[in-house]
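Chains, contacts and geometry: an overview
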Amino acid sequence: MAKSAAAVRSDPYRNFRFRVEIDGILAAGFSEVQIGESVTEVIDYREGNEPAHVRKLPGLQKFGIVTLTRGMTASMELVNWHRQVQAGDTANARRNVVVIVMDESGTDHARFVIHAAWPAKYAVGLLDGKGNEVLIETLDLVNEGIERVP
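The notes below deal with the structure included here.

Criteria and thresholds
- Counting from 1, residues in each chain are numbered in the order their sequence is written.
- With pLDDT at 70 or above as the cut-off, local features in this predicted model cover only qualifying residues; side-chain atom pairs require 80 or more to be listed or tallied, and sums for whole chains, interfaces and linings still use all residues.
- Note that water and hydrogens are dropped before the side-chain values are worked out from all heavy atoms of the structure.
- Put simply, DSSP marks the helices as runs of H or I at least four residues long and the strands as runs of E at least two long, and each gets a number from the N terminus on.
- The contact criterion used throughout is that any non-hydrogen atoms of two residues lie within 4.5 Å.
- Each polar contact in these results corresponds to two N or O atoms within 3.5 Å; when the atoms are within protein, one needs to be able to donate a hydrogen and the other to accept it, and residues that are neighboring in sequence are counted only if both atoms are side-chain atoms.
- Each patch is built from residues lacking any salt bridge and having more than 30% relative accessible area; the joining distance is 9 Å for like charges and 5 Å for nonpolar side chains (Val, Leu, Ile, Met, Phe, Trp, Tyr).
- Under the convention used here, a 1.4 Å probe and the Shrake-Rupley method define accessible areas, while residue burial counts only the protein chains that appear.
- Salt-bridge detection follows one rule: a side-chain nitrogen of Lys or Arg within 4 Å of a carboxyl oxygen of Asp or Glu.
- To sort residues, take the accessible area from a 1.4 Å probe on protein chains only and compare it with the maximum for the residue type: under 20% means buried, over 50% means exposed, and anything in between is partly exposed.
- Among buried residues, the Ala, Val, Leu, Ile, Met, Phe, Trp, Tyr and Cys ones that are joined through side-chain atoms within 4.5 Å form a nonpolar core.

Our next topic: the environment of Tyr45. One can find Tyr45 in strand β3 (residues 38-45). Non-local contacts of Tyr45, meaning those with residues more than four positions away in its chain, are made with Val54, Arg55 and Leu57. Within the structure, the side chain of Tyr45 is placed 3.0 Å from the side chain of Glu47, a separation counted as a polar contact.

What follows is the structure, given as structure tokens:
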């Protein structure tokens, strides 16, 4: 019995195959990416001559923080990007960031574009003389838009 085109199975993408592209930064291999939520605020509105219930109107759009995590290397690109913001140059520090989700064969599929992002926080993980974990650095990016594109 032949399967129809409508019955083709479409498995969800795995969360461990991805890459990150940041405008102008080459050292962009990350072990973890947390993409913040996109929220449309809701405004309750009612005029005096309307029925006794409120209407819901769309308000401001808000985009959550994007957190990039990776093992620390000799590269200073992420630190220097954060230093640019600390020096007050946020106008030139804004970059577009693209997170690309791949299937198991490595083919690009879903893309998340983070617009006008800049690092608001840079953190280094715990140093522990008795540990044997990888030293982690984390970058929190604020942004002006997150969208999923094909």
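Here we come to a nonpolar patch on the surface. Taken together, the side chains of Ile43, Tyr45 and Leu57 present a nonpolar region at the surface, about 230 Å² in accessible area. Along the chain, Ile43 falls in strand β3. For Ile43, a relative accessible area of 40% gives the class partly exposed.

In this section: helix α1 (residues 77-86). Those residues of α1 lying buried are Leu78, Val79, Trp81, His82, Gln84 and Val85. Where α1 is buried, its residues touch β1 (18-22), β5 (66-71), α2 (90-93), β6 (95-102), β7 (108-124) and β8 (136-142). Positive backbone phi, at 95°, marks Gly88, one or two positions downstream of α1.

The next subject is the nonpolar core. For soluble globular proteins, the rule of thumb is that nonpolar side chains tend to be buried together. Judged by nonpolar contacts, the single largest core of 18 residues is most densely connected at Ile22, Trp81, Val97 and Leu141. Elements represented by at least two residues in this core include exactly β1, β5, α1, β6, β7 and β8. When residues no more than four places from it in sequence are discounted, the contact partners of Leu141 are Gly64, Ile65, Val66, Leu68, Trp81, Val97, Ala117, Trp118 and Pro119.

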